[in-house]
Amino acid sequence: MTANDHFARLPEAATFTVTSTTVADGAPWPAEQFSGLFGVPGGKDVSPQLSWSGAPEGTKSYAVTVYDPDAPTGSGFWHWAVADIPATVTELPEGAGDDNGSGLPEGAFQLPNDARSARFIGAAPPAGHGPHRYVIVVHALDVESIGVPAEATPAFLGFTIAGHILGRAVLTVTAETPA
């Protein structure tokens, strides 16, 4: 695992709280949040339940991202990205990130992850690669719609929201596949 901080060069933002009934900060992903699509035994690619509170005044929408900075790619791996979550929404149910985004609020949409699928894809660290961090972030934004196309990458979403972030709520979980 590396000590890289992917927030280091981003503008500072207020903090608020994100919690989950699926997983706790610093804890490992449960089996369902591993990737069945990548053949991890027991993996079901089920997105975690998320709740957040205390977003900064002026929040007009949210974006949610899940990123593995420890993936052996040179650029990490984006597991999930959701844009245009209305400011009135402060929770996503477990499984919201399925193929249809069935648990997402009206107006919100999923961008294709690094596996090029517009859904949540679970953890699949290479066997023997060591522990990976999965950084779950709820971004509080100052615009109702960020204006990115649905086929945009999560990296493009990150670039676009950088100037609109009022606050960040972060939950980091782990996963490891034994050698």
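Structural notes, computed from the coordinates.

Cut-offs and rules
Residues numbered from 1 in each chain as written. Predicted model: local features only at pLDDT ≥ 70, side-chain atom pairs only at ≥ 80, totals over all residues. Heavy atoms only, no water. Helix = DSSP H or I, 4+ residues; strand = E, 2+ residues; numbered from the N terminus. Buried < 20%, exposed > 50% of the residue type's maximum accessible area, 1.4 Å probe, protein only. Polar contact = N/O pair within 3.5 Å; in protein donor to acceptor, adjacent residues only side chain to side chain. Contact = heavy atoms within 4.5 Å. Pairing = 2+ DSSP bridges. Core = buried A, V, L, I, M, F, W, Y, C linked by side-chain atoms within 4.5 Å.

### Structural notes on the side chain of Gln-33
Stage number 1. Inspection of the secondary structure assignment puts Gln-33 in the loop between β2 (17-19) and β3 (50-53).
Stage number 2. Overall, the relative accessible area of 1% leaves Gln-33 in the buried class.
Stage number 3. One polar contact links the side chain of Gln-33 to the main-chain carbonyl oxygen of Val-46, over a distance of 2.9 Å.
Stage number 4. Setting aside chain neighbours within four positions, we find Gln-33 in contact with Thr-22, Val-46, Ser-47, Glu-94, Phe-120, Gly-122 and Ala-123.

### Topic: the sheet that holds strand β6 (residues 91-92)
Stage number 1. One open sheet holds the three strands; their spatial order is β2-β3-β6, and the pairing between them is antiparallel. If you trace the sheet from one side to the other, it starts and ends with β2 and β6, each paired once.
Stage number 2. In the sheet, β3 pairs with β6 via two bridges, with the strands oriented antiparallel. Each bridged residue has a counterpart across the sheet, and for Ser-51 the counterpart in β6 is Glu-91.

### A look at the nonpolar core
Stage number 1. Of all hydrophobic cores here, the largest spans 29 residues; its most connected members are Trp-29, Trp-52, Val-64, Trp-80 and Ile-85.
Stage number 2. Elements with a contribution of two residues or more to this core: β3, β4 (61-68), β5 (77-86), β8 (132-141) and β9 (165-175).
Stage number 3. Membership of the second largest hydrophobic core comes to 13 residues, among which are Ala-83, Leu-111, Ala-152 and Ile-165.

Shape descriptors only; they carry no functional weight alone.
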